[in-house]
Amino acid sequence: MMTSYNKHILITGGAGFIGSHLVRQMVLNHPQYKIINLDALTYAGNLSNLEDIQAAPNYKFIKADIRDISSLREIFNKEKITDLIHLAAESHVDRSISNPSAFIETNVLGTTNLLIVALEAWKENLSSHRFHHVSTDEVFGSLGETGLFSETTPYDPRSPYSASKASSDHLVRAFGHTFGLNFVITNCSNNYGPYQFPEKLIPLIIHNIIHSKALPVYGKGENVRDWLWVGDHANALELVFLKGATAQTYNIGGNSERKNIDIVNMLCSIGDELLQRDPGTSSKLIQFVTDRLGHDLRYAIDSSKIQSELAWTPKIKLEDGLRKTFEWYLSNTKWLEKVINGEYLEYYKKNYSL
Ligand code: NAD
Ligand code: DAU
């Protein structure tokens, strides 16, 4: 007998870091919805992130590329997609500096393809279908020592990555204004937690501490990020998707601003303890390296809107989350070593002269 689902939700980028947490949560929390995970499985996509739910009856994976509009049309028709949560993206700032075109192709053109196909598929009753676009706080630019990004902060993207995400946000709003697409946008700060690809600061530092390799800190390590546990982000995404007001933007942040050097030192202390090394062993591995080009100084989020409208708050404290993350990477060394493949090592060699 065919099961009938209330919604057929397409989640793009579901094999990536944040996407895999969201897919798992939606599959487990909503057996009445079918969750279709569309991912091109680039270097950042990894289906082993979802091994525990791959056999769930309300889950399906489709390998496809959002740059290919005809395959998107086919998937929307065949799977009768009713709603979309869009996370697929090229997501690493350093890679956007060495290869900007890939970011325009996926983040700008790929998002436009999804908008066009969603509009075609849902045109009879636009208001009953939702397009949730997942974006970043980096679209707002860089803060000085004080201040917070709110939903009304003017856009000022400064890297090819953030410019491509800003373009995609503008396009989503334009489809809402021009055609009446029912959209929501979320702009979130830096995530961390299990299954993050080790090119990003926290997993890279954890991996290098485990292997007693140099810990590369850009510039003087003074840049500030607002860190959020990935599970708290996934909860916020589920809430906004289900209950957020149409055509609204919600900022999501951890209220946990730290300088990069402080994050690295915290990880060194946790590493010394978990690996039973003498206190101070890992911090000797810190090396200050050439700064990122155009490196944004500080990001920090005012998340009062989602807190007051949707009663969301971040649950995991940074200190606890960093420890949980380190413990996860220590118990999942196979996962970590599997993703450290030839392509990643090539990238690492090119970017870091360590
Ligand atoms: P990620 O790089 O871990 O995952 C991206 C996923 O998208 C991968 O599975 C990859 O295979 C897939 N993908 C890439 N190009 C594709 C294409 N052309 N077609 C289909 N799939 C493709 O990224 P992440 O850190 O999980 O970020 C997910 C989303 O959240 C992104 O849109 C990012 O901009 C946004 N975001 C990330 C953070 C963060 O701290 N990581 C913070 C705020 C917002
Ligand atoms: O703010 C949200 C954004 O956070 C997301 O939109 C991006 O997808 C995500 O990658 C992240 O961007 P950042 O550039 O802030 O993250 P990353 O982990 O690359 O770097 C965090 C900080 O650490 C940044 O100031 C650069 C610094 N850094 C990074 C690496 C990889 C280092 O000092 N050394 C490193 O080796």
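Now for a look at the structure at hand. Every value quoted in this text rests on a predicted model; they were computed, and no experiment measured them.

Moving on, we come to the environment of Glu-222. Within the secondary structure, Glu-222 is located in the loop between strand E8 (215–218) and strand E9 (224–226). Taking the C-alpha atoms as reference points, Glu-222 and Thr-152, 70 residues apart in sequence, are found 27 Å from one another. Excluding residues that lie within four positions of it along the chain, Glu-222 makes contacts with Lys-259 and Leu-297.

Moving on, we come to the side chain of Ser-164. Of note, Ser-164 is situated in helix H5 (residues 160–179). In this structure the side chain of Ser-164 is engaged in a polar contact, spanning 3.0 Å, whose partner is the side chain of Asn-107. Not counting the four nearest positions on each side in its chain, Ser-164 is found in contact with Phe-103, Ile-104, Asn-107 and Val-108.

The final tally for this structure, using the stated rule, is 13 salt bridges. A salt bridge links Glu-105 to Arg-67, with the shortest nitrogen-to-oxygen separation between them at 3.5 Å. Here Glu-105, found in helix H4 (residues 100–122), pairs with Arg-67, found in the loop between strand E3 (59–63) and helix H2 (69–79); they are 38 residues apart in sequence, far enough to count as distant. Across the pair Arg-323 and Glu-273 runs a salt bridge, and its minimum N-O distance is 3.0 Å.

We now examine the pairing of strand E5 (residues 131–136). Most of E5 is tucked away: 6 of the 6 residues are buried. Both faces of E5 are covered, namely the face carrying Phe-131, His-133 and Ser-135 and the face carrying His-132, Val-134 and Thr-136. As judged from the 3 bridges shared by strand E4 (residues 83–86) and E5, these two strands associate in the parallel manner. Bridge assignment links His-86 to a residue of E5, and that residue is His-133. As a crossover connection, the stretch from E5 through H5 into strand E6 (residues 183–188) is right-handed.

Calculation notes
Residues numbered from 1 in each chain as written. Chains lettered and ligands numbered in written order. Predicted model: local features only at pLDDT ≥ 70, side-chain atom pairs only at ≥ 80, totals over all residues. Heavy atoms only, no water. Helix = DSSP H or I, 4+ residues; strand = E, 2+ residues; numbered from the N terminus. Contact = heavy atoms within 4.5 Å. Polar contact = N/O pair within 3.5 Å; in protein donor to acceptor, adjacent residues only side chain to side chain. Salt bridge = Lys/Arg side-chain N within 4 Å of Asp/Glu carboxyl O. Buried < 20%, exposed > 50% of the residue type's maximum accessible area, 1.4 Å probe, protein only. Pairing = 2+ DSSP bridges. Right-handed = clockwise from strand over helix to strand, strands pointing away.

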